[in-house]
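Listed here are the chains, written in short residue letters.
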Amino acid sequence: MRLNEKVALITSSREGVCVEAAHLLAQAGAKIVICGRNAVQGRATVADIQRNGGRACFILTDIAVAADVQAAIDETIATYGRLDILLNSASSYHMRDSSLLEVSETTWDRMTETALKGTFLCCQYAIPFLQNAGNGTIINLVEHSNAGQDHTVEGVCHGGVLALTCKIAQQFSASSITANLIWATDSPYTQLSSLTNKIVYGPNQIQSSQANSSQTSGNQASSHSSEVETPSTNSLADDNPTADRFDNVPEAVMYLATSGSLLHGCILMVPADETSE
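Residues numbered from 1 in each chain as written. Predicted model: local features only at pLDDT ≥ 70, side-chain atom pairs only at ≥ 80, totals over all residues. Heavy atoms only, no water.

Novice: When you look at the overall build of the protein chain in this model, what are you seeing that I'm missing?
Specialist: Within the protein chain one finds eight helices and 11 strands. By the burial criterion, 55% of the 277 residues in the protein chain qualify as buried. For the protein chain, long-range pairs separated by at least 24 residues make up 76% of all intrachain contacts whose partners lie at least 6 apart in sequence. Summed over its atoms, the accessible surface of the protein chain is roughly 12600 Å², and 46% of this surface lies on carbon and sulfur atoms. (Helix = DSSP H or I, 4+ residues; strand = E, 2+ residues; numbered from the N terminus. Buried < 20%, exposed > 50% of the residue type's maximum accessible area, 1.4 Å probe, protein only. Contact = heavy atoms within 4.5 Å. Areas by Shrake-Rupley, 256 points an atom, 1.4 Å probe, with all protein chains shown as cover.)

Pasting the structure below:
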């Protein structure tokens, strides 16, 4: 199995994309840890995975509370001994968002605490363990929404998670960990963009990255990673012919989980399916 003995922490127990991704990761051999506030859904997902022969556990967690996040990650390490994959879902669907002039302080605080602060805390506490595992992968997910321009706080949170992913990519080399973002969109096409003006290929460089950078082959090469100048938005298949065009977000999660060391500091814009709306 592609993810045999790998451990994946999924920071949402909400039904939909994260549950589907949990099942796909488990089918590929990963041990799954689901944390969140919805204990009923979280435990139901764990039971389904275990029924199908997978290994999984649920940890009741409020990711907006630093102590909860630290406890969840500590329990993950105590249970499985390592952490390889962190999947964050930046969403606050339980809150009612509105236009800029109508947003209440309560709505702002609750939504940013869950979607933005929670994602930050999970990354901050998980990174040392992802580094220890070698080729650890952070996948930050911004789910599709039909909210439009009136949903102010959601848009701010999504932009903040994008910026956070960019900062992780800038501060940590691809030989240490990789961090990428999946943004579910209305577009029917999978697109690849760089968050740092360069697509950074990790230790397991794909052949296309070598071909794209052949004109600079005289420059110094690293056995750990290489940086390739790229336009702001490209077809994923153009930059990485080994990657499929994903039909939905869970498939994109699986790609980054199994091939995460191929990309670093990138955004995958993926067609949103019905489960992510």
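That was the structure; now back to the text.
Novice: Explanation requested: the side chain of Asn 248 in the structure shown.
Specialist: Positionally, Asn 248 belongs in the loop between α7 (236-239) and α8 (249-259). From its side chain, Asn 248 meets the backbone nitrogen of Glu 251 in a polar contact 3.1 Å long. (Polar contact = N/O pair within 3.5 Å; in protein donor to acceptor, adjacent residues only side chain to side chain.)

Novice: Any chance you could explain the pairing of strand β7 (residues 191-194) here in plain terms?
Specialist: Put simply, side chains in a regular strand alternate between the two faces of the sheet. Residues Gln 191 and Ser 193 point to one face of β7 and Leu 192 and Ser 194 to the other, with burial holding for every one of them. Strand direction decides the pairing type here: β7 and strand β11 (residues 266-271), joined by four bridges, are antiparallel. Directly across from Ser 193, in β11, lies its bridge partner Ile 267. (Pairing = 2+ DSSP bridges.)

Novice: Could you clarify how one ought to interpret empty space enclosed by the protein in this entry?
Specialist: Empty space left among the atoms is revealed by rolling a probe the size of a water molecule over them. Tallying each qualifying case throughout the model produces one cavity of 30 Å³ or more. Considering only enclosed or pocket space, the largest cavity measures out at about 30 Å³ in volume. The greatest single-element share of the lining of the largest cavity, amounting to three residues, is contributed by helix α3 (residues 66-80). Here the lining of the largest cavity is built from residues that sort into seven nonpolar, two polar and no charged. (1 Å grid on protein atoms, 1.4 Å probe; cavity = no way out; pocket = protein on both sides within 12 Å on 5 of 7 lines; lining within 4 Å. Points joined across faces, edges and corners; volume = space filled by probe spheres on them. Nonpolar A, V, L, I, M, F, W, Y, C, P; charged D, E, K, R; others polar.)

Novice: What should I look at first to understand the packing of helix α1 (residues 17-27) against helix α2 (residues 39-51) in this one?
Specialist: Geometry of a packed helix pair, given as the angle between the helix axes and the separation of the axes. Viewed as axis vectors pointing N to C, α1 and α2 meet at an angle of 25°, and their least axial separation amounts to 10 Å. Classified by the angle between their axes, α1 and α2 sit roughly parallel to one another. Read as a crossing pair, α1 and α2 show a hand that is right-handed. On the side of α1, the interface is formed by Val 19, Ala 22, His 23 and Ala 26, while α2 contributes Gln 41, Thr 45, Asp 48 and Ile 49. Of the residues in the contact of α1 with α2, the class split is four nonpolar, three polar and one charged. (Axes fitted to C-alpha atoms, helices over the stretch in contact; angles between N-to-C directions. Parallel < 35°, antiparallel > 145°, perpendicular 65-115°, else oblique. Left-handed = near helix turned anticlockwise from the far one by under 90°.)

Novice: I'm lost on helix α5 (residues 152-171) in this one. Help?
Specialist: Taking 1.5 Å of rise per residue, the 20 residues of α5 would be expected to cover 28 Å, and the 29 Å separating its terminal C-alpha atoms lies within 8% of that figure. For α5, the full list of buried residues reads Thr 152, Val 153, Glu 154, Cys 157, His 158, Gly 160, Val 161, Leu 164, Thr 165, Cys 166, Ile 168 and Ala 169. Structurally, α5 contributes buried residues whose contacts are with α4 (105-133), β5 (136-142) and β6 (177-185). (Expected span 1.5 Å × (residues − 1).)

Novice: Just to check I follow, could you spell out unusual backbone geometry for this structure?
Specialist: Phi is positive for Glu 5, close to 70°, though the residue is something other than glycine. Look at Asn 135: it is not a glycine, yet its phi comes out positive at around 60°. Looking at where Asn 135 falls in the secondary structure, it is placed in the loop between α4 and β5. Asn 135 gets classed as partly exposed once you look at its relative accessible area, which sits at 37%.

Novice: I'm lost on the nonpolar core in this one. Help?
Specialist: It is characteristic of soluble globular proteins that their nonpolar side chains tend to be buried jointly. Grouped together as the largest cluster of nonpolar side chains are 38 residues, with contacts concentrated most on Leu 25, Ile 32, Ile 139, Ile 182, Val 249 and Leu 268. What Val 249 contacts, discounting residues up to four positions off in sequence, is Val 17, Leu 141, Ile 182, Ala 184, Val 270 and Pro 271. Counting residues in each nonpolar core, the second largest holds 24 residues, with Ile 59, Leu 86, Ile 138 and Ala 179 among its members. (Core = buried A, V, L, I, M, F, W, Y, C linked by side-chain atoms within 4.5 Å.)

Novice: What am I meant to see in α1 here?
Specialist: In an α-helix, one turn spans 3.6 residues; hence positions three or four apart end up facing the same way. Burial of α1 is extensive: eight of the 11 residues sit out of reach of the surface. Of all the positions in α1, only Val 17, Cys 18, Val 19, Ala 21, Ala 22, His 23, Leu 25 and Ala 26 are classed as buried. A positive phi of about 105° marks Gly 29, the residue just after α1.

Novice: Mind showing me how you'd approach the environment of Asp 48 here?
Specialist: Residue position: Asp 48 is located in helix α2. Between the C-alpha atoms of Asp 48 and His 23, which are 25 residues apart in sequence, the distance is 8.4 Å.

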